[in-house]
Amino acid sequence: AAPPCWQQELDSKDAIILHQFSRPSNGVPSLSPFCLKMETYLRMADLPYQNYFDGKLSPQGKMPWIEYNHKKVSGTEFIIDFLEEKLGVNLNKHLGPHERAVSRAVTKMVEEHLYWTLAYCQWVENLHETQKMVSLFGPFSDLLKWILCHLTKGIVKREMYGHGIGRFSEEEMYTLMEKDMRTLAGLLGDKKYIMGPNVSTVDATVFGHLAQAMWTLPGTRPERLIKGELINLAMYCERIRRKFWPEWHHDDDNTLYESEESSEASKTYSPLQDFSFYSRTETFDEEGNSISQTPDTDYTGHSLFDSDVDMDEYRDHEQCK
């Protein structure tokens, strides 16, 4: 039998090794907005990579981080800069100077402000639900999950206080969160992606964070907001999930966000796998067997490019209620 992944020798020669936290138990790829951002970016950029779920932090104490040609890089912004330089990829090549400036401003709002309010909801207010999603196995796993989650809660509260946002009341923090989410909804409008018809790096950032509100915070204010008043953000998340994460399905998928074709196609699916190797053209399981799927098709072979929900369709649906 092959040794477990954490005992295997990694060779990062001409290969991207992505170190991140283990997959949660609820089918979402990651409870970390930055891990989900990084893995989504790699898929958007069509860069093959290998996941390594050892939970080991980078030398700077960061997660995620990568190894490429035996060089370690941490911090998602520095990782993306590094990959652009080494591999010549650039999701922003279609953006002009003004659009690039807007994209960076949005990225910083999301990562330096919205992130903290979502972290509070995830690891403080809604900790009991988050604890159910954390994936740990072996003896005393429930006790270890409880300890891990409560340690994380303390760290989040301490770091939020140092940041400054944690010095406000819960209601004030949620007011700031709602302002950020409404800003994103206004910027997106009825466009396909944040900066227009083509995906760019900022979409990986925004998706990594909004996906937490969509799929990891049941019954909370951010979930109610994104699935209610700010429905265009929910459809945006579904659009990216279908195109770049075809193996990711959720037990309570809402057909309101689906076109007729995509809802038919989603009736048969398999759960998200811990793929040891991923590329857009071909995915392999741990035994090296090819899995014939790409982010452009689902498990029935239907194209996902045309499964986007049109805003007019949603308005028609609302009028029929």
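The structure presented is a predicted model; accordingly, all values stated were derived computationally and were not measured.

So, on to the overall build of the protein chain. Scanning the protein chain for helices and strands turns up 11 helices and 6 strands. Considering only contacts in the protein chain between residues 6 or more positions apart, those separated by 24 or more positions represent 71%. For the protein chain, the computed accessible surface area is about 15600 Å², with 52% contributed by carbon and sulfur atoms.

This part takes up the environment of Asn126. Its location among the elements puts Asn126 in the loop between α3 (97-125) and α4 (127-133). Once the C-alpha coordinates of Asn126 and Leu217 are considered, the two residues, 91 residues apart in sequence, prove to be 7.2 Å apart. When residues no more than four places from it in sequence are discounted, the contact partners of Asn126 are Cys121, Thr216, Leu217, Pro218 and Thr220.

Take Arg239: it is sitting in helix α9 (residues 231-244). Each C-alpha atom of the pair Arg239 and Tyr193 lies 9.0 Å from the other, and the pair is 46 residues apart in sequence.

This part covers the environment of Thr76. Positionally, Thr76 belongs in helix α2 (residues 76-87). For the pair Thr76 and Cys35, spaced 41 residues apart in the sequence, the C-alpha separation amounts to 8.4 Å. Setting aside residues no more than four positions away along its own chain, Thr76 makes contact with Phe34, Lys37, Met38, Pro64 and Glu111. In this structure the side chain of Thr76 is engaged in a polar contact, spanning 2.9 Å, whose partner is the side chain of Lys37.

The subject of this paragraph is helix α6 (residues 170-188). The end-to-end C-alpha distance of α6, which contains 19 residues, comes to 27 Å, matching closely the 27 Å that a straight helix rising 1.5 Å per residue would cover. Buried within α6 are the following residues: Met173, Tyr174, Met177, Glu178, Asp180, Met181, Leu184, Ala185 and Leu188. The buried residues of α6 all sit within an arc of 165° when viewed along its axis, so they share a single face. What points out from α6, more than 90 degrees from its buried face, is the exposed set Lys179 and Gly186. Buried residues along α6 sit against α3, α5 (141-163), α7 (201-215), α8 (221-227) and α9.

So, how was this worked out
Residues numbered from 1 in each chain as written. Predicted model: local features only at pLDDT ≥ 70, side-chain atom pairs only at ≥ 80, totals over all residues. Heavy atoms only, no water. Helix = DSSP H or I, 4+ residues; strand = E, 2+ residues; numbered from the N terminus. Contact = heavy atoms within 4.5 Å. Areas by Shrake-Rupley, 256 points an atom, 1.4 Å probe, with all protein chains shown as cover. Polar contact = N/O pair within 3.5 Å; in protein donor to acceptor, adjacent residues only side chain to side chain. Expected span 1.5 Å × (residues − 1). Buried < 20%, exposed > 50% of the residue type's maximum accessible area, 1.4 Å probe, protein only. Arc of directions from axis to C-beta.

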